[in-house]
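Take a look at the letters that make up each chain.
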Amino acid sequence: NICFKTCNPLSSTKWGIRLYVLTDCKCGYIFSFIPYYGSSTKKSTQPALKLTIRIVLELYQNLAKMIPEAKGYHIFTDRFHTSVPLSDELLKINTHLTGAIKINDTNLPIALNNPNLKDGQVTAYGTENVMVLAWKDKSTVTMLTNKYSNKLSLVRKVTVDGVKENIMEPEV
């Protein structure tokens, strides 16, 4: 038995270990990881921030301890961790963030809660530091970034039927 074993009743593998991991996207090198301990995971030096923000910041701080010259990195997160407050915190330490974001996030423009987009259409909202965009391919994808713009590029897509078509998609 280990103290950080978790149960996910919806998964085919009911029991497992939950880890939060900071890796290099090119080679897969693990810089830092934090095991999930339940309520004790929530203890941090910045208790005013949400747990999902504190986890990403702690992983990055572990990297900065190992490599003091670590600046200007670009972190990619999933929709569970991506948020406007996290983007603001990372910009304070000269680090970029890009990731999918939940449509119902309280910091997003109301117009993004239910975007009625046609295939290939993009809508974007931004401030001087953060841009949130919604793009529709098969389904609507909502993203947040503090590095990229809302430029579109032409991409060749192959459908299920094998038909090749050109579509516009965001350069994120």
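This is a predicted model, so every value here is computed, not measured. The numbers attached to residues start from 1 for each chain and follow its sequence in the written order. Where local features are concerned, this predicted model is filtered to residues with pLDDT of at least 70; where side-chain atom pairs are given and counted, the filter is 80 or more; whole-chain, interface and lining totals use all residues. To obtain the side-chain values, all non-hydrogen atoms of the structure were used and water was disregarded.

Draft legend 1. The arrangement of helix α1 (residues 51–66) in detail. The end-to-end C-alpha distance of α1 is 23 Å, a good match for the 22 Å that 16 residues give at a rise of 1.5 Å each. Only protein chains enter the accessibility calculation, which uses a 1.4 Å probe; a residue is then buried when its area is under 20% of its type maximum, exposed when over 50%, and partly exposed in between. Helix and strand assignments follow DSSP, with helices taken as H or I runs no shorter than four residues and strands as E runs no shorter than two, numbered in order from the N terminus. Residues Thr52, Ile53, Arg54, Ile55, Val56, Leu57, Leu59, Tyr60 and Leu63 constitute the buried set of α1. The length a helix should cover is 1.5 Å for every residue beyond the first.

Draft legend 2. Seen up close, the nonpolar core. Residues enter a nonpolar core if they are buried and are Ala, Val, Leu, Ile, Met, Phe, Trp, Tyr or Cys, with the set joined through side-chain atoms within 4.5 Å. Ranked by internal contacts, the top residues of the largest apolar core, which has 23 residues, are Leu86, Leu90 and Leu144. Elements with a minimum of two residues in this core: β3 (19–23), α1 and α2 (84–92). Leucine 86 has contacts with Ile53, Val56, Leu57, His81 and Leu97, leaving out every residue within four places of it along the chain. Contact between two residues is taken to exist if any of their heavy atoms lie within 4.5 Å; hydrogens are not considered.

Draft legend 3. Region of the structure containing a nonpolar patch on the surface. Patch membership requires more than 30% relative accessible area and the absence of a salt bridge. Residues of like charge join within 9 Å; the nonpolar side chains Val, Leu, Ile, Met, Phe, Trp and Tyr join within 5 Å. Accessible surface area values rest on a Shrake-Rupley calculation with a 1.4 Å probe, where residue burial reflects the displayed protein chains alone. Put simply, a salt bridge is a Lys or Arg side-chain nitrogen that is within 4 Å of an Asp or Glu carboxyl oxygen. A surface patch of nonpolar side chains, about 450 Å² in accessible area, is lined by Ile17, Leu19, Val21, Ile30 and Phe33. Of all the secondary-structure elements, those providing two or more residues to the nonpolar patch are β3 and β4 (30–35). When you line up the elements, valine 21 lands in strand β3.

Draft legend 4. Main features of the sheet that holds strand β7 (residues 122–126). Pairing between strands is defined by DSSP: at least two bridges between them are needed. The five strands are arranged β5-β6-β9-β8-β7 in an open sheet whose pairing can be described as mixed. Where the open sheet ends on each side, the last strands, each with one partner, are β5 (74–77) and β7. Pairwise comparison of adjacent strand axes, ignoring direction, gives a mean angle of 15° for this sheet. With three bridges connecting them, strand β6 (residues 96–100) and strand β9 (residues 140–145) associate as antiparallel partners. When the bridges of β9 are listed, alanine 100 appears paired with methionine 143. Between the N-to-C directions of two axes lies an angle of 0 to 180 degrees, each axis being a line fitted to C-alpha atoms and, for a helix, fitted only over the stretch in contact. Relative to the sheet, α2 contacts β5, β6 and β9, its axis offset from that of β6 by approximately 160°.

Read these as spatial facts, not as claims about activity.
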